[in-house]
Amino acid sequence: MDIQKIISEMTLEEKALLVSGHDMWTTDAIDRVGIPSIFMSDGPHGLRKQENNQNNETAINDSIDAVCFPTACATAASFDRELMYQMGVDLGKECQAVDVSTILGPAINIKRSPLCGRNFEYVSEDPFVAGELSAAYINGVQSKNVGTSLKHFATNSQETERMYADSIVDERTLREIYLSAFETAVKKAKPWTIMASYNRINGEYSSENKWLLKDVLRDEWGFDGVVMSDWGAVSNRVKGIAAGMDLEMPGSRGVNDKQIIDAVNNGDLSQEDLDEAVKNILKWIEKFVENRQEEVFDRDIDHEKAVRAEEECIVLLKNEKALPLSSDEKIVLIGGFAETPRFQGGGSSHINAHNVVSALSIKEKYSDKITYAMGFPYDKDESDEKAFAEAVAVAKDADKIVVFAGLPDVFESEAYDRTHMRLPKSQNILIDRLLELGKPVIVVLHNGSPVEMPWIEGVSSVVEAYLGGEGVGEAVMNILYGKVNPSGKLAETFPIKLEDNPSYLNFPVARHKVNYAEGVFVGYRYYDTKKMDVLFPFGHGLSYTEFEYSNLVIKPYEGVDASDWDIIGINSGATVSVDVKNVGDRTGKEIVQLYISDKTGVTNRPIHELKGFEKVELAPGETKTVTFELDKRSFAWYSVELSDWYAADGKYVVEVGKSSRDIQLSEEIEISGSFQLPPIIDEDVQLGELLAYKKTRAFTKEMFARSATQFSSKEDELDEMTKAMLEYMPLRTFRSFGELDNDKLAEILAEYRRIMDED
């Protein structure tokens, strides 16, 4: 495809047509110049290909028979890049088999609050996890010459007023938390497309935000694909094109096409900006059309892969020796989810699943001593005393009780947020009554985000299955009966109660604004820094075996000459290695986590932040060395003053552990080779800043040696109040005490500026 030739031959009307969706799922074909149409499909955990009816409409849940893999809330708990890559490969093959050019996903908005209705398809509260796993997924899909659409860019962390709300968030928080995962995915995986979110960011819609779409995404990160709108997200189409938003979906039935044409003709939109959008779309079409390949969508094979994937994702939250179950034990399964599991969320990612397997439907494969009582329904909160009594009666004859609990579809979905973190009241009532029997109670959860657990102290085990795809029933039974050793860990914190969440006072919306007042203190960054009790911490997950950590070693990257291993050059980075041993009696997988704690005190930061994770499989008695690589960004925070990432010289602690609250080994290191953040030289600069800054310290002490305070010669003798007053005293205040006149102050400031300009 000769893209430049095609653009030169296209009319203005044809260009306006191409940058607008033809219908819900396709781009426009322009046969005259040889441009074909391509088809997109919702995702990201399955193929939701929808065909338009004769009225050019589709029902939200009317799509092809497909395989539903575990949703992102589950796959994030795998912490497994290879799993995400392979899942992407499988979905890419499916897309090729049914002529889908691009799957709309992954969705990586940060889980700011457990109440977000769409959390089930978002990855994590942590941008490092979200970025790494999404990059692996994208690389997998695109290895099959099928595109992805990384979404929703950006700060779309609630559903309430999502098409209008204004996210008020400072740049440091944006860079460190809400843009960071997108940056990683763009740089490591080069997604074919990115989807601009509905909301505004600091007053400007994402689809019209030049700073976001051009300055950051394209110029800084090097993105060269298509930016498309979320469905119906366009407010001002002309402004959007100028800002870098290429494709409007699903189109406006010609309304915005006319606006584009008029804007070019009257000079409100440059031909160059429109041509750039056309070029990006043509490159995207070319990638798919010229790399079509034959694939077979074998739904039975992919179903088995969905089961295996969920086995890697399930998190064993608590276990007081009640699991694994034995085939000799009398087990009762209770709860409607045992018969009808909730395996996916509602909305645009809803898959018409090929083969949904419930725990009840396959119980004979595990034991002939399993019985069932519904107790409560799967689809609503209904307290039925007769059903309660039947469940308790059946449970009396069991050795152990397994309750399949969770959130019904109506509790969490796209388009609205939850208002609380509670399970249905009927489930909590029945669990309490079952605990009164004095038998081990095991709770299996089917939910897309954290829930409160008022019965947590009484139950023996808790298994978090999340929304685990169509094979969740089989995967759960394999975990319960020990055929598979659980290895998932939480990619989000479970607070004890909703009010503990850092966004509680500012979620979701107040007068159309979303105030991100908690800043960078999201999830574990907040809970751990405050040393707040949580239900289950970030990174937590148990196994049927045990792991020991030893031999933490930190050194500069291989090939870097350094005589002192304790000092790491900021520009050279470091490698961290740790030995992990399986000291139990069965094979298992451990997710090793690395956190960095900044001890320099240069700015306000979380107590630690995740900067590495690896999943490793170990046989009983086996030891493996896990290695991490750290670079400058591993230690850095975003300085708005510098408009860049910054890591100060000084002390840092490298922590390696099993969760954010279970650090096994740590070592303090020193970073060198950076620079001090300079003070702003004006009349308001504080004395303490000038004394702390190396280049200005000597002149400051000399200049004010003869001041009335005599602080330079008597510094050690000053009381705390005087020290504090001097530290925070702006230079201008010396005029008030007769120390300086305006001429002398100007002379001093000029000298400071000269000193600052020296090499």
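The rules behind these values
- Residues numbered from 1 in each chain as written.
- Predicted model: local features only at pLDDT ≥ 70, side-chain atom pairs only at ≥ 80, totals over all residues.
- Heavy atoms only, no water.
- Pairing = 2+ DSSP bridges.
- Helix = DSSP H or I, 4+ residues; strand = E, 2+ residues; numbered from the N terminus.
- Axes fitted to C-alpha atoms, helices over the stretch in contact; angles between N-to-C directions.
- Contact = heavy atoms within 4.5 Å.
- Phe/Tyr/Trp six-rings, centres within 6.5 Å; stacked < 30°, edge-to-face > 60°.
- Buried < 20%, exposed > 50% of the residue type's maximum accessible area, 1.4 Å probe, protein only.
- Lys NZ or Arg CZ within 6 Å of the ring centre and 35° of its normal.
- Disulfide = S-S within 2.5 Å.
- pLDDT = per-residue confidence, 0-100.
- Core = buried A, V, L, I, M, F, W, Y, C linked by side-chain atoms within 4.5 Å.
- Left-handed = near helix turned anticlockwise from the far one by under 90°.
- Nonpolar A, V, L, I, M, F, W, Y, C, P; charged D, E, K, R; others polar.
- Expected span 1.5 Å × (residues − 1).

**Student:** What exactly am I supposed to notice about the sheet that holds strand β6 (residues 193–196) here?
**Tutor:** Where strands meet in a sheet, backbone hydrogen bonds hold them as pairs that are either parallel or antiparallel. Spatially, the 5 strands line up as an open sheet ordered β1-β3-β4-β6-β9, and their pairing is parallel. Edge positions in the open sheet fall to β1 (40–42) and β9 (226–229), since each of these has one partner strand only. Averaged over all adjacent pairs, the angle separating strand axes in this sheet is 30°, with direction ignored. Judged from the 3 bridges that link them, strand β4 (residues 147–153) and β6 form a sheet pairing that is parallel. Counted as the bridge partner of Leu150 is Ile194 from β6. Strands in contact with helix α8 (residues 210–220) are β4, β6 and β9; relative to β9, the strand with the most contacts, it is inclined by about 150°.

**Student:** I'm lost on the packing of aromatic side chains in this one. Help?
**Tutor:** Note on aromatic pairs: each is described by the distance of the centres and the angle between the planes. Scanning the entire structure with this criterion turns up 16 aromatic pairs. Between the aromatic rings of Trp637 and Tyr646, the centroid separation amounts to 5.8 Å while the plane-to-plane angle is 90°, which identifies the pairing as edge-to-face. Accessibility expressed as a relative area gives 3% for Tyr646, which makes it buried. Chaining the aromatic ring pairs together yields one cluster made of Phe79, Phe128, Tyr524, Phe538, Tyr595 and Phe613. Between the NZ or CZ atom of Arg200 and the centre of the ring of Tyr205, over which it lies, the distance is 5.6 Å. The cationic tip of Arg633 hangs over the ring face of Trp645; the distance from NZ or CZ to the ring centre is 3.6 Å.

**Student:** What's the story with the pairing of β6 in this structure? I'm lost.
**Tutor:** Of the two faces of β6, the one carrying Thr193 and Met195 and the one carrying Ile194 and Ala196 are both buried. Pairing of β6 with β9, which is carried by 4 bridges, proceeds in the parallel orientation. Counted as the bridge partner of Ala196 is Ser229 from β9.

**Student:** Teacher, can you tell me more about the pairing of strand β27 (residues 662–672) here?
**Tutor:** Consecutive residues of a regular strand have side chains that alternate between opposite faces of the sheet. Two strands pair when backbone bridges link them, and strand β19 (residues 567–569) and β27 are joined in this way by 3 bridges, in the parallel orientation. Its bridge partner being in β27, Ile567 is matched across the sheet by Glu670. Looking at chain direction, strand β26 (residues 650–659) and β27 are connected through 9 bridges and run antiparallel. The partner of Val654 across the bridge, within β27, is Glu667. Linkage of β26 to β27, two consecutive antiparallel strands, is achieved through a turn of 2 residues.

**Student:** Looking at this model, I keep getting lost on the state of the cysteines. Mind explaining?
**Tutor:** Where two cysteines share a covalent bond between their sulfur atoms, that bond is called a disulfide. Counted under the stated rule, the structure contains 0 disulfides. Free cysteine Cys68: the closest other cysteine sulfur is in Cys73, separated by 10 Å. Judged by its relative accessible area of 0%, Cys68 is buried. Not engaged in a disulfide, the cysteine Cys73 finds its nearest cysteine sulfur in Cys313; these two sulfurs lie 9.1 Å apart. For Cys73, a relative accessible area of 2% puts it in the buried group.

**Student:** Would you mind going over the sheet that holds strand β11 (residues 331–334) with me for this structure?
**Tutor:** Read from one edge of the open sheet, 6 strands run β10-β16-β15-β14-β11-β13, paired in mixed fashion. Looking at which strands have only one partner, the edges of the open sheet turn out to be β10 (315–319) and β13 (370–373). Direction aside, neighbouring strands of the sheet carry axes that sit 20° apart on average. Two elements, strand β14 (residues 400–406) and strand β15 (residues 441–446), share 6 bridges in a ladder whose sense is parallel. Residue pairing across strands places Gly406 opposite His446, the latter belonging to β15. The sheet strands contacting helix α15 (residues 425–435) are β11, β14 and β15, and the helix crosses β14 at an angle near 170°.

**Student:** In this structure, what is going on with the confidence of the model for the protein chain? I would like to understand it.
**Tutor:** Any segment with low pLDDT has predicted coordinates that should not be analysed in fine detail. Of the residues in the protein chain, 95% reach a pLDDT of 70 or more, and the chain-wide mean stands at 94. Within the model, the stretch residues 708–713 combines pLDDT values under 50 with 11 contacts to residues more than four positions away or in other chains.

**Student:** Explanation requested: the side chain of Thr75 in the structure shown.
**Tutor:** Note that Thr75 resides in helix α3 (residues 72–75). Aside from chain neighbours lying at most four places away, what touches Thr75 is Pro70, Met84, Met87, Leu133 and Cys313.

**Student:** Just to check I follow, could you spell out the nonpolar core for this structure?
**Tutor:** The tendency in soluble globular proteins is for nonpolar side chains to be buried side by side. Judged by nonpolar contacts, the single largest core of 187 residues is most densely connected at Phe153, Phe404, Met453 and Leu480. Among all residues touching Phe153, those that are not within four sequence positions of it are Leu179, Phe182, Ile194, Met195, Ala196, Ser197, Ser206, Leu212, Leu213, Leu217 and Trp221. Counting residues in each nonpolar core, the second largest holds 31 residues, with Ile554, Phe628, Trp637 and Trp645 among its members.

**Student:** Got a minute to help me understand the environment of Pro114 in this structure?
**Tutor:** Residue position: Pro114 is located in the loop between β3 (102–104) and α5 (127–142). Residue classification places Pro114 among the buried positions, given a relative accessible area of 7%. Each residue touching Pro114, except ones within four places of it in the same chain, is listed here: Asn119, Arg418, Met421, Ser449, Pro450, Leu498 and Asn501.

**Student:** Would you explain the packing of helix α4 (residues 81–97) against α5 in this entry?
**Tutor:** In a packed pair of helices, the relevant descriptors are the angle between the two axes and the axis-to-axis distance. At their nearest, the axes of α4 and α5 sit 6 Å apart, and the two run at 35° to each other. In the crossing of α4 with α5, the sense of the turn from one axis to the other is right-handed. When α4 is examined against α5, the residues Arg81, Met84, Tyr85, Met87, Gly88, Val89, Leu91 and Gly92 are found in contact with a partner set consisting of Phe128, Glu132, Leu133, Ala136, Tyr137, Asn139, Gly140 and Val141. Residue composition of the contact of α4 with α5, by class: 10 nonpolar, 4 polar and 2 charged.

**Student:** Explanation requested: helix α12 (residues 299–313) in the structure shown.
**Tutor:** Residue pairs spaced three or four apart in an α-helix point in one direction, given the helix's 3.6 residues per turn. With 15 residues, α12 ought to run about 21 Å at 1.5 Å a step, and its terminal C-alpha atoms sit 21 Å apart, in line with that. Among all positions in α12, only Asp302, His303, Ala306, Val307, Ala309, Glu310, Glu311, Glu312 and Cys313 are buried. As for α12, its buried residues are in contact with α3, α4, β10, α16 (472–480), β21 (588–598) and β22 (609–618).

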